[in-house]
Amino acid sequence: MMMINTRDFGEMEVETKNVFDFPNGVFAFEDDKRFALLSPLGEGTYPMWLQSLDHSDLCFIVFDPTLIDEGYTVTLNDSEKRLLKVNEGDEIRSLTIAKIPENFRETTVNMKSPIIINPANNTALQVILPHDYPFRYPIYAAEEVK
Amino acid sequence: MLVVTRKTEESIIIADNIEIVILEVSKDRVKLGITAPKDIKIIRNELRSAQEANVESSKQLTKEALTALLNLKK
């Protein structure tokens, strides 16, 4: 357990299993090397909050892209695999970062550059997938039509 | 937009000090070699889009959006 400062929930305690090392930071925030994954909606329930431990005002709302697109495919290149220390067939976890506008029904997620986690060593890396996925994919669009 | 046709190993020069050479061409891929002064930043366009997406996503949530998110039922 460790105490951290969060952007949206003040000071709180997180389990070390939910703290991840980002050796390269994330795009545009390369100095933020450690993030905690918070589950305010309950363990295992998305969205989750990816809170920087280096800057308490930096936080992303994240979803599981495989719950949004069942066929979601992640292909890592050799240097990404080396950084994460994953081998072919190892289990990895993906997170997609959401952009939440004032009207939260217009939320989009970034399917093109997800965060990939190696659960075996809690190392994480944001990648740009070679696949033709959008940077802004509306997740509530289908419901909006109703 | 200026359009130039080049063969493998041919190059173009931009502003006297940047050279872009075509190294390899395959079906849907082109390998480029770039020689430029150190202070010229060169990034893939997708990287810029990824950076912009992160910056937009890092904006503070409105109180309404935060409340709506916390009330989401899976």
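Keep in mind it's a predicted model, so treat the numbers as computed, not measured. (Residues numbered from 1 in each chain as written. Chains lettered and ligands numbered in written order. Predicted model: local features only at pLDDT ≥ 70, side-chain atom pairs only at ≥ 80, totals over all residues.)

Chemist: Help me out: how do you make sense of the overall build of chain A in this one?
Modeler: The helix and strand tally for chain A stands at 3 helices and 11 strands. The C-alpha radius of gyration of chain A comes to 15 Å, within 12% of the 15 Å expected for a compact globule of 146 residues. With the principal axes as the frame, chain A shows a C-alpha extent of 45 × 40 × 30 Å. Relative to its 146 residues, chain A shows a buried fraction of 32%. Of the contacts made within chain A by residues no fewer than 6 positions apart, 48% connect residues no fewer than 24 positions apart. (Helix = DSSP H or I, 4+ residues; strand = E, 2+ residues; numbered from the N terminus. Rg over C-alpha atoms; globule rule 2.2 N^0.38 Å. Buried ≥ 20, exposed ≤ 12 C-beta atoms within 10 Å, placed from the backbone. Contact = placed C-beta atoms within 7 Å.)

Chemist: Even after reading the chapter, I still don't get the sheet that holds strand 1 (residues 11-14) of chain B, so can you show me in this structure?
Modeler: Sheet strands pair by backbone hydrogen bonding; their relative direction is either parallel or antiparallel. Residues and elements named next belong to chain B. In spatial order, the strands read 1-2-3; together these 3 strands make up an open sheet with antiparallel pairing. Whereas interior strands pair on both sides, the edge strands pair on one side only; in this sheet they are strand 1 and strand 3 (29-35). Across the sheet, the mean angle from the axis of one strand to that of its neighbour is 25 degrees, orientation sign disregarded. The sheet contact formed by strand 1 and strand 2 (residues 18-26) spans 4 bridges and is antiparallel. The residue bridging Ile14 from the neighbouring strand is Ile18, located in strand 2. (Pairing = 2+ DSSP bridges. Axes fitted to C-alpha atoms, helices over the stretch in contact; angles between N-to-C directions.)

Chemist: I keep staring at unusual backbone geometry and nothing clicks. Help me out?
Modeler: A negative phi holds for most residues other than glycine; trans holds for most peptide bonds. Residues and elements named next belong to chain A. For the bond from Tyr46 to Pro47, the omega torsion is 0 degrees, close enough to zero to count as cis. Among the structural elements, Pro47 can be located in the loop between strand 4 (34-38) and strand 5 (48-52). The backbone of Ala28 sits at a positive phi, close to 75 degrees, despite the residue not being glycine. Despite not being glycine, Lys85 has its phi angle at roughly 55 degrees, a positive value. If you trace the backbone, Lys85 turns up in the loop between helix 2 (78-84) and strand 7 (93-99). We classify Lys85 as exposed; it has 11 C-beta atoms within 10 Å.

Chemist: I'm lost on the interface of chain A and chain B in this one. Help?
Modeler: The interface of chain A with chain B comprises 22 residues on the first partner and 20 residues on the second. Looking at the side of chain A that touches chain B, the elements with two or more residues in it are strand 6 (59-63) and strand 7 of chain A. Here the side of chain A that touches chain B gets 3 residues from one element, more than from any other, and that element is strand 7 of chain A. Taken together, the residues of the side of chain A that touches chain B break down into 16 nonpolar, 3 polar and 3 charged. (Nonpolar A, V, L, I, M, F, W, Y, C, P; charged D, E, K, R; others polar.)

Chemist: When you look at the pairing of strand 3 of chain B in this model, what are you seeing that I'm missing?
Modeler: On a regular strand, each side chain points to the face opposite its neighbour's, so the side chains alternate between the two faces of the sheet. Residues and elements named next belong to chain B. Of all the 7 residues making up strand 3, 0 are buried; the element is thus mostly uncovered. With 7 bridges joining them, strand 2 and strand 3 adopt antiparallel strand pairing. Paired with Ser26 across the bridge in strand 3 is Arg29. Linking two consecutive strands that pair antiparallel, namely strand 2 and strand 3, is a turn of 2 residues.

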